[in-house]
Each structure stands twice: as structure tokens, then as C-alpha cells.
Amino acid sequence: VEAGQQVGLVGQGLGGMVALVLLARWPARFRCAVLLGSSPAFVRGSSETPQQARDRHIAMVDDDRSITRLAPGWALSLVGPDCHQQVVAAVAVLMSGVDPARYRQSIAAMAAYDGWATLLKIKQPVLVLAAARDVYTPPVLMKHMADRLKGSDYLCLPHLGHLAVIENAGTVNAHAAAYLRRHL
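Residues numbered from 1 in each chain as written. Predicted model: local features only at pLDDT ≥ 70, side-chain atom pairs only at ≥ 80, totals over all residues. Heavy atoms only, no water.

**Q** What exactly am I supposed to notice about unusual backbone geometry here?
**A** Excluding glycine, residues mostly carry a negative phi; peptide bonds, for their part, are mostly trans. A positive phi is found at His159, a non-glycine position, where the angle reads about 70 degrees. When you line up the elements, His159 lands in the loop between β4 (153-157) and α8 (164-167). You can call His159 partly exposed: its relative accessible area is 45%. (Helix = DSSP H or I, 4+ residues; strand = E, 2+ residues; numbered from the N terminus. Buried < 20%, exposed > 50% of the residue type's maximum accessible area, 1.4 Å probe, protein only.)

**Q** Quick question: what am I supposed to make of the side chain of Ser39 here?
**A** On the secondary structure map, Ser39 appears in the loop between β2 (30-36) and α2 (50-60). In this structure Ser39 comes out as buried when scored by relative accessible area, which is 5%. Only 2.7 Å separates the side chain of Ser39 from the backbone oxygen of Ala41, close enough to count as a polar contact. Leaving out residues up to four positions away in the same chain, Ser39 has contacts with Met17, Leu20, Trp116, Thr137, Leu141 and Met145. (Polar contact = N/O pair within 3.5 Å; in protein donor to acceptor, adjacent residues only side chain to side chain. Contact = heavy atoms within 4.5 Å.)

**Q** Teacher, can you tell me more about the nonpolar core here?
**A** Counting residues in each nonpolar core, the largest one holds 20 residues, and the members touching the most others are Phe42, Trp74, Val91, Met95 and Tyr103. In terms of residues, this core owes the most to one element, helix α3 (residues 64-78), which gives five residues. Residues Leu20, Trp116, Ala130 and Ala146 belong to the second largest nonpolar core, which totals 19 residues. (Core = buried A, V, L, I, M, F, W, Y, C linked by side-chain atoms within 4.5 Å.)

**Q** Explanation requested: the pattern of salt bridges in the structure shown.
**A** If the charged atoms of two oppositely charged side chains come close together, the side chains can form a pair. Tallying each qualifying case throughout the model produces two salt bridges. Here Asp55 and Arg54 are joined by a salt bridge, their closest N and O atoms 2.9 Å apart. Assessed through its relative accessible area of 25%, Arg54 is described here as partly exposed. (Salt bridge = Lys/Arg side-chain N within 4 Å of Asp/Glu carboxyl O.)

**Q** Any chance you could explain the sheet that holds strand β3 (residues 126-131) here in plain terms?
**A** By way of backbone hydrogen bonds, the strands of a sheet pair with one another, either parallel or antiparallel. As summarised here, the arrangement of the four strands in space is β1-β2-β3-β4, forming an open sheet in which the pairing is parallel. The open sheet is flanked by β1 (7-12) and β4, the only strands paired with a single partner. Averaged over all pairs of adjacent strands, the angle between their axes in this sheet comes to 15 degrees, without regard to strand direction. In this structure, β3 lies alongside β4, joined through five bridges in parallel fashion. Pairing of Leu129 across the sheet is with Leu155, part of β4. Packing of helix α1 (residues 14-25) onto the sheet brings it into contact with β1, β2 and β3, and relative to β1 it is tilted by some 145 degrees. Contacts from helix α9 (residues 169-183) reach β1, β2, β3 and β4, with the element oriented near 165 degrees to β2. (Pairing = 2+ DSSP bridges. Axes fitted to C-alpha atoms, helices over the stretch in contact; angles between N-to-C directions.)

**Q** Where do I start with helix α7 (residues 139-148) in this structure?
**A** Note on helix geometry: an α-helix contains 3.6 residues per turn, so any two residues three or four positions apart are oriented the same way. When α7 is considered as a whole, its buried residues turn out to be Pro139, Leu141, Met142, Met145 and Ala146. Across the axial projection of α7, the buried residues extend over an arc of 160 degrees, all falling on one side. Among the exposed residues of α7, those oriented more than 90 degrees off its buried face are Val140 and Asp147. Buried-residue contacts for α7 involve α1, β2, α6 (116-119), β3 and β4. (Arc of directions from axis to C-beta.)

**Q** Got a minute to help me understand helix α4 (residues 85-96) in this structure?
**A** In this model, α4 (twelve residues) spans 16 Å end to end at C-alpha, consistent with the 16 Å of a helix rising 1.5 Å per residue. Those residues of α4 that sit buried are Val88, Val91, Ala92 and Met95. What you see down the axis of α4 is that its buried residues fit within an arc of 105 degrees, all on one side. Counted as exposed and oriented over 90 degrees from the buried face of α4: Gln86, Val93 and Leu94. (Expected span 1.5 Å × (residues − 1).)

**Q** It is not clear to me how the environment of Gly37 should be interpreted in this structure. Could you clarify?
**A** With respect to the helices, strands and loops of the structure, Gly37 is situated in the loop between β2 and α2. By relative accessible area, Gly37 is classed as buried at 3%. Between the alpha carbons of Gly37 and Arg148 there is a distance of 16 Å; along the sequence they are 111 residues apart. With residues near it in sequence (within four places) discarded, Gly37 still touches Gln12, Gly13, Leu129, Asp134, Thr137, Met142 and His162.

Right, dumping it as C-alpha cells:
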């Protein structure tokens, strides 16, 4: 990136949290963003506090074998019900390779961050892409985030889950690319 050049950001999940921080801290560097399956905080609208959610997630990963044991169920929870079984199996393989210590660190970092106030600082256009079957960042949460981002656009993709970009990369990429072309 050349000095003074503005770029667009694309973030999914934790990457979307990072994108929100970047947009707020260095607005002159970023012209727009696309966020998918992301939230400015670990939990919202749940009966759990972020710390309770953190503790529950970390407790599931009690040893190196637990990730491998949990991966098939996690894979199913990350995709929509119409996802091809080959994709689900590939996600399970990827999940089983996650280092338990790194997983615990990631969960702890997400639970410690609350960026709802950060949303009010963001002035760049943002496309908030929700997935109708996302149980981790449900459409109602994504819509709430979009409503707090001044001038944002919101789109909910039907039939897809949290890993919409893996389930249907063509659709997700087409929406993201069109938005970036319009704003860059």
C-alpha cells in the first residue's frame, strides 16, 4: 500500500473484530469495509456474560484430544443445513488441527474485547453481511451492529451459516467485490 492510499478491509469472525478496531483507530487509511459473521463483542443478547461464555468455551477444550473429538460437531454448527457433506468434513478436518492452547487464547481475547462503543467512531461505509443460519453471529446481532454503523449496508444471505464464505464463496465474494468496487 502506497503512503496516503486508502484501502478496503474484509473481515470474517475475529478478523471482523480486528477490522472494526482498524477502521476506528486509523480512519484515514481505510475507505470502506466488508464484515461477515462478525460482532464487536463476544456475546450479545445472550444470558451469558462474555466471561461465562469464555469459560464455557475454554472448558470444552480440556486437552489435546478434545479438539479432535469436538471438531465434527463444531463443523456442523458452523455451516448452514444445506451445506455439502464434503465441505462439512473438510471443516471438521481443519477444526481438528486447531491448537488447543491457541484456541483458548483466541477465546480469551475475544471475550475481553467489547467494541460496541467503537462502532460510533466509524464513519467509513461498511457492508455487514449476515448469514441466515449463523448461530454464532446471528442476523439479529449483525443487524444491530449495522444499525450502529452510520451509513452501513446490511445484507442477509439465506441458507448459509457462520462459515458462509466456505459454503458459498462465489456469492459472498460477489457481494464483497461489488461493494468494494463501489467504494474504492
